[in-house]
Structure formats: structure tokens, C-alpha cells
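Summary of structural features
For reference, the chains in residue letters:
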Amino acid sequence: MNAMVQTIQAAPLLRVEGLTKSYGHVVGCRDVSFEIRPGEVLGIVGESGSGKTTVLNCISGRLPPNAGRIEFDTSRFGLSDIYRLSEPDRRRMQREEWGFVHQNPRDGLRMRASGGANVAEPLMNLGGRHYGKMRAATIEWLERVELDTRRIDDKPRHFSGGMQQRIQVARNLIHGPRLVFMDEPTGGLDVSVQARLLDLLRELVRDLGLAVIIVTHDMAVARLMADRLMVMKGGFVVETGLTDQVLDDPQHPYSQLLVSSVLQI
Amino acid sequence: MSSPLIIVEDLAKTFVLHNADDATIPVFAGLKLEVAPGECVVLSGESGAGKSTLMRSIYGNYLPTQGAVRVLHDGAYVDITRALPFQVMDVRRRTLGYVSQFLRVIPRIPTLQLVMEPLLENGVDVEEARERAETLLAALRLPRAHWGLPPATFSGGEQQRVNIARSFIRNYPVMLLDEPTASLDAENRAIVVQLIRQALDRGAALIGIFHDQDVRDAVATRLFTVNDFKAAA
């Protein structure tokens, strides 16, 4: 037999159908449907107000939609509508099987706890009790995200923005999630710091075979990270497809405008 | 005769530029092409005839207006124009390779790592991947001192060789070559010709665009004139 070859399985990990969310009279997103499989990286692109963050918040269990179904292949119950799970079951699934990387590390980190405690916390939340093992895992993850392990006890505010973001990445991957949501993960960073974080994320995603849903308004980030794209405008998905197809041969007027508006250097 | 590895059926491509008064640019229509194992079909036609557009449509990079592109993958034909993204990704990872004129990769990753990447994605272990990458880079005469550096600052010809290494490191059953020798000197062209011949010998199906007459003569098993399927404007 030939060497084992990693292929993406056909069964979806997350299935979204008819997702609609309004804020009063304001449309958040309307009739959004898609699937994501293990190992796939889906980018959601569009300008501010296009609804991409609304979609991300709804599908990650943080914002109940007005209509539609969001089903996740949970390890305990199989494919389930996440908003029909009991609150404790949903929270447990979020903790065990998902990660969420915020644009602002302050939203994703506990600023009063040390960097190391931030990374180790998900393990403790999942019932880890062996201090030595958790510390070893924390050190391993700090190394993986290229942080100086001697600073394990420093508070996040003593780290630079790029380093804080890497702590957040480690905190969201240490427990071995199957699906990770990322909201503009490189948004607030200098370009060189952004580049390094993107390289790191790319490598981790490939090595861990993660499914990732990443929201970004930056086409360069989308091209680098995502296998496929969903272009949003005014709450609707206007185009979907392979990343290079959407960027090199966009079909919808808005996608064409979006791609042609990217500044070249 | 063994079954073709690529079947292009009734393919049409027209670009519609919505932000330029919906201008339409018809490229080709009713295009048919089959490529069998061991064949190297060279696309001919003047600049603007649609050679690259055809290549990109076969790779799934451009979305054809009509028709099908069937690629033999795991013993069954996958229509690239209709397959789901994850299926196209799988075909690209294991069956369908593409060498473009330009290196469009991550500018910051060291060269050796870039060349190893397609193997790592296919589950080859790190040591073997490194060995094969080093062998290929050496064969392409890329100075060893460059291997640890990202290719962003390399010359055009050096970047092109990294690009070629990234594609030829996997023995793809089907390869699309869009002017792979464009910025290479005669000696390096000869090396690429050799790589192409090796691929043909092991039964790969190739479609290429070569402006260089010597290379074309050295590898083409037949020519395919894209102009014959010129779409009416």
C-alpha cells in the first residue's frame, strides 16, 4: 500500500442553513448557507457592515440567529443544531471542540492572569488536574508559537500586541479543537508582525488538520490562509468558490470591485 | 490505448467586466481537447489567443462559462468546473500540478521549506521530503547558499526554478506548464526539458505553453491551436 495520504473527508463538520439575523430593522445577515469539512479553511470577506462578523458570531454560538440552522458534528451527540443543545452542553462543546481567536487579544485573554495561565486555562477547564503535565503542555505550546518560555509568568500586558496574539492562538489550540473561528486575527498588527503570525497560523493549520473559519477584509490574508472564500455584501453571500478562483476570476460585480480595489505594491 | 487523463468538452470562456459597463470579452467556445498518458500537448496561437485562459480554466483557477473539464483522479473523472472546492483541492494536491510563470507563494518561507511543502501536504515524512527537495534543487543548480533563504529577493530565473521544483517534486499524473522556461538560460532550460521528459516517460499527461522554439520542439508530442476555437466577439 502507498503511504497514507491525508484527504478531506466528505462529511461536513459544520453545516449552516438559511442563517438570518437582524438587529431591529437592520439586516445583519440574510439566508446564509454553507458547509465546512475537517481540514478546510474558509475565508469570509467583505467590507465593514457586510455581515461577516454577524455570521461568525451566530455560527460560533455567541449570537442566536432569528432563523436558520447551525449544525455541528459534536463528538458526544453527532450532528446537532447548536442552539438546540442545552446551555451547559453547548458551552461544553464550545470549550472542548472549538477555538475562537479575537481580533483584539484583550477580548480573548484574561489580562490579570499570566501568559502561561492563559494558555493552560482551557486544559484546566476541561478537567486537567495534573499540574506537571499541564505546565509541560503550556511550555510546548509557548514554544510552538515562538514565545520565550522564560516569560511564562508575565502578564499579557507586558507582551507586545503580536506576542499577545500568539498567546491567544496557543490558548485556543492547546486543547486540540476541531474547528477554530478567527475574527481578523492579524487586524491590529504591524505588517511584519502580521506576516509572521500568518506564517505561523498557516503552518499550525496544516500540521493539525484544523477546520478554520476566518473573517477578514484583507484580500492578501484571505489568499494566504483560505482554501475557499465566501464574499459578503449587505448581509448576503454574493459569491463563493475556491480562493484563487474568486480572486483571479471573480464573477459578481461586487467581488470584481473588491478585487480590483486592492492596492498593488 | 489507455484512457485520457484530461478531457475538455465544449469549453467556453467569456469574461464579463461588470464595473466596465458590463463589457464582455469572449475568449474561446466549443473547445475540445483530450490528453493521454505520455502526451505533451503544446498550446499554440498568438498572444491573447487564450492559451493561459485555457490552462487556468483546466486548473479551476478561472470559471468557464460553459462545458466541462474532466480530470482522471483516483480512477474516476472529476469535472473541475463543477466539483466542490474541497474536491478540487484534493485533485490539485494529488493529481493536477501547475507551474506558472510567476512564483506566487509566501514570500517569507525558506526555499527548501517551500519545495518540501507539497510533499508534506501529501503525508511524506520530513526526512524524505528534505532529501528529495535537496536533490531537485541541486539538479536545478540553485546555489546551496540560497536554500535557507526565502525566495522574495531572488532573481527571476532563480524564483522560476524554485517554482519548477515545487511542482516537479511531486510526480503529478497531470501537469500544466505555463511558460516554465520563460526566464531561464539555455542550460537551465535543458534541465527543465529533462524533467518534462522524465514526467512523460512515467506516463504523465502534460499541457504546456512554451514560447521558446527549442523547448517546444524538444517536448511537444503535438500542437493544439487555441485560435481554432476563437469565440465570436
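Now for a look at the structure at hand. (Residues numbered from 1 in each chain as written. Chains lettered and ligands numbered in written order. Predicted model: local features only at pLDDT ≥ 70, side-chain atom pairs only at ≥ 80, totals over all residues.)

**What about the overall build of chain B?**
A tally of regular secondary structure across chain B gives 7 helices and 9 strands. In terms of overall dimensions, chain B is globule-like: its C-alpha atoms have a radius of gyration of 18 Å, near the 17 Å expected for 233 residues. On the principal axes, the C-alpha backbone points of chain B span a range of 50 × 35 × 35 Å. With 233 residues in all, chain B has 42% of them scored as buried. Looking at chain B alone, contacts between residues at least 24 apart form 70% of all its contacts between residues at least 6 apart. (Helix = DSSP H or I, 4+ residues; strand = E, 2+ residues; numbered from the N terminus. Rg over C-alpha atoms; globule rule 2.2 N^0.38 Å. Buried ≥ 20, exposed ≤ 12 C-beta atoms within 10 Å, placed from the backbone. Contact = placed C-beta atoms within 7 Å.)

**Some thoughts on helix H3 (residues 111-120) of chain B**
Within H3 of chain B, 8 of the 10 residues are buried, which leaves it mostly tucked inside the rest of the structure. Of the residues making up H3 of chain B, those classed as buried are Thr111, Leu112, Leu114, Val115, Met116, Glu117, Pro118 and Leu119 of chain B.

**Here's the deal with the interface of chain B and chain A**
Tallying the contact residues gives 20 residues for chain B and 25 residues for chain A. The element that contributes the greatest number of residues to the side of chain B that touches chain A is helix H2 (residues 85-94) of chain B, accounting for 6 residues. Along the lines of polarity and charge, the residues of the side of chain B that touches chain A split into 10 nonpolar, 6 polar and 4 charged. (Nonpolar A, V, L, I, M, F, W, Y, C, P; charged D, E, K, R; others polar.)

**Re the nonpolar core**
By size, the foremost hydrophobic cluster in this structure holds 127 residues, and its most contacted members are Ile58 and Val71 of chain B. If we ignore the near neighbours within four places in the chain, the residues touching Val71 of chain B are Leu5, Ile6, Tyr77, Val78, Ile80, Val91, Thr95, Leu96 and Val174 of chain B. (Core = buried A, V, L, I, M, F, W, Y, C linked by C-beta atoms within 7 Å.)

**A look at the environment of Gly148 of chain B**
Residue and element names in this part refer to chain B. Assignment of secondary structure puts Gly148 in the loop between helix H4 (126-139) and helix H5 (156-168). It is 46 Å that separates the C-alpha atoms of Gly148 and Phe229, two residues lying 81 residues apart in sequence. Contact partners of Gly148, with chain neighbours within four places excluded, come to Pro110 and Leu112.

**Structural notes on the sheet that holds strand S5 (residues 78-81) of chain A**
Within a beta sheet, neighbouring strands are joined by backbone hydrogen bonds and run either parallel or antiparallel to one another. Residues and elements named next belong to chain A. The sheet built from 4 strands is open, its strands ordered S2-S1-S4-S5 with antiparallel pairing. Because the sheet does not close on itself, it has two edges, and the strands there are strand S2 (26-36) and S5. On average, adjacent strands in this sheet sit at an angle of 20° to one another, irrespective of strand direction. Pairing geometry for strand S1 (residues 14-23) and strand S4 (residues 67-74), over 5 bridges, is antiparallel. The partner of Thr20 across the bridge, within S4, is Ala67. Against the sheet, helix H1 (residues 52-59) contacts S1, S2 and S4, and its axis sits at roughly 120° relative to S1. (Pairing = 2+ DSSP bridges. Axes fitted to C-alpha atoms, helices over the stretch in contact; angles between N-to-C directions.)

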